[in-house]
Amino acid sequence: MRSGVIAQKVGMTRIFTEAGEHIPVTVLKLDNCQVVGQRVADKNGYTALQLGAGLAKAKRLSKAARGQFAAVEVEPKRRLAEFRVTPENLIDVGAEFTADHFVEGQFVDVSGTSIGKGFAGAMKRHGFGGLRASHGVSVSHRSHGSTGNSQDPGKVFKGKKMAGHMGDVKVTTQNLRVVKTDVDRGLIMVSGAVPGAKGGWVLLSDAVKRNLPDDAPKPGAFKLANGSAKAAAADAPAEASNEQGDAGEAAQPSEGGSE
């Protein structure tokens, strides 16, 4: 299980394919998404990565938060989140994720805070049909109707669908397909709508109901603290074998030399 990333919702646009059809996409941006902490089983009882994104002013943080970022030598972050990972997918503190952490065509789950709608009636909040719009109803066409019971039990049960605060809750949209990534600008474009308003923070992770593509980097695609790019650990043996093959070819004598 790999780590997810913290991204910022930029907005929506569309991408044209070679066949001429367009795909509506949501643009997500990686804004200095770095590893700021590790959780290991021996010390914490579980394995996870703590990530931070964005930049925050140090004067707006608590003394404890400033000390936490200073201890790991990472700039203060605006948004923090934890992602459960398997022990082999732990990443060093200070590494910064890049957009190619997700490959084109794979499915992801996106979690964000939905747009707040304020106080809403039962028709808008729960999709009620309302009362009759002609005879028999007096200035209460959009009401939700009766909510109580008879003398027994004589109360309104908890969870009853009624008017109230709508939106501003955590929403997870599953199985959104990654259409395109832009590593230079740190952009990830996913097909469909993502919960939340423009500028909001979302958590992007591998889809739990789909298989991870074989070409997805493990433990991930990121840049180390010194700025150098880090490839997937699984790709290292293949690269080493290629280098050995190239060296073997160079060591073989030429036809002229053998004669």
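Residues numbered from 1 in each chain as written. Predicted model: local features only at pLDDT ≥ 70, side-chain atom pairs only at ≥ 80, totals over all residues. Heavy atoms only, no water.

The criterion, for reference: UniProt positions are given in the numbering used here, feature names are shortened, and annotations may be inferred rather than shown by experiment.
Per an unreviewed UniProt entry, the recorded name for the protein is Large ribosomal subunit protein uL3, and the organism is Methyloligella solikamskensis. Listed in UniProt under the heading Sequence similarities (unreviewed entry), the comment for the protein reads: "Belongs to the universal ribosomal protein uL3 family." Turning to the protein, the UniProt record has this under Function (unreviewed entry): "One of the primary rRNA binding proteins, it binds directly near the 3'-end of the 23S rRNA, where it nucleates assembly of the 50S subunit."

### Some points on the overall build of the protein
The condition is simple: Numbering of helices and strands runs from the N terminus; a helix is a DSSP stretch of H or I covering at least four residues, while a strand is a stretch of E covering at least two. Each residue's exposure class comes from its accessible area (1.4 Å probe, protein chains only) as a fraction of the maximum for that residue type: buried when under 20%, exposed when over 50%, partly exposed otherwise. Contacts are assigned to residue pairs that have any heavy atoms within 4.5 Å of one another.
From N to C terminus, the protein includes five helices and 14 strands. Counting the 259 residues in the protein, one finds 34% classified as buried. Expressed as a percentage of contacts within the protein between residues at least 6 apart in sequence, the contacts between residues at least 24 apart total 69%.

### Quick word on empty space enclosed by the protein
Any empty space left between the atoms is revealed when a probe the size of a water molecule rolls over them. Quick reminder of the rule: Cavity: a set of points on a 1 Å grid over the protein atoms alone where a 1.4 Å probe fits but cannot get out. Pocket: an open set with protein on both sides within 12 Å along at least five of seven lines, its lining residues, like those of a cavity, having an atom within 4 Å of a point. Grid points are joined across faces, edges and corners, and a volume is the space filled by probe spheres set on the points.
Scanning the model with the defined rule gives one cavity of 30 Å³ or more in all. One number sums up the size of the largest cavity: a volume of about 40 Å³. Around the largest cavity, the lining residues are Gln106, Phe107, Asp206, Ala207, Arg210, Asn211, Leu212 and Pro213.

### Quick notes on the UniProt feature "modified residue: N5-methylglutamine" (unreviewed entry) in the protein
Here, the residues flagged by UniProt with the feature "modified residue: N5-methylglutamine" (unreviewed entry) are Gln151. Among the structural elements, Gln151 can be located in the loop between helix H3 (122–126) and strand E9 (164–166). What makes Gln151 exposed here is its relative accessible area of 80%.

### Details of the layout of surface pockets
In plain terms, the rule: Charged means Asp, Glu, Lys or Arg here, nonpolar means Ala, Val, Leu, Ile, Met, Phe, Trp, Tyr, Cys or Pro, and polar covers whatever is left, Gly included.
Counted as a void, the largest pocket has a volume near 400 Å³. What lines the largest pocket is a set of 19 residues, and nearest its centre among them are Met1, Arg2, Ser205, Asp206 and Val208. Those elements giving two or more residues to the lining of the largest pocket turn out to be strand E5 (79–84), strand E7 (107–113), strand E10 (170–182) and strand E12 (201–206). Residue composition of the lining of the largest pocket, grouped by class: six nonpolar, seven polar and six charged.

### Examining the pattern of salt bridges
We apply this condition: What counts as a salt bridge is simple: a side-chain nitrogen of Lys or Arg found within 4 Å of a carboxyl oxygen of Asp or Glu.
Tallied over the full model, the rule gives three salt bridges. The salt bridge partner of Arg2 is Asp206, with a shortest N-O separation of 2.9 Å. A residue pair is termed long-range when its members are at least 10 positions apart, and Arg2 in the segment before strand E1 (5–16) and Asp206 in strand E12 qualify at 204 residues. Considered together, Arg2 and Asp206 belong to a single accessibility category, that of buried residues. Notably, a salt bridge pairs Arg185 with Asp182, separated by 2.9 Å at the nearest N-O pair.

### Structural notes on the pairing of strand E4 (residues 48–53)
Note the following rule: Between any two strands, at least two bridges found by DSSP are needed for them to pair.
When you tally the buried positions in E4, you get six out of six residues, the bulk of the element. Across the two faces of E4 the burial is the same, with Ala48, Gln50 and Gly52 and Leu49, Leu51 and Ala53 all buried. Relative to E4, strand E3 (residues 34–39) is paired through five bridges, and the arrangement is antiparallel. Paired with Gly37 across the two strands is Gln50, which belongs to E4. Across six bridges, the pairing between E4 and E5 is antiparallel.

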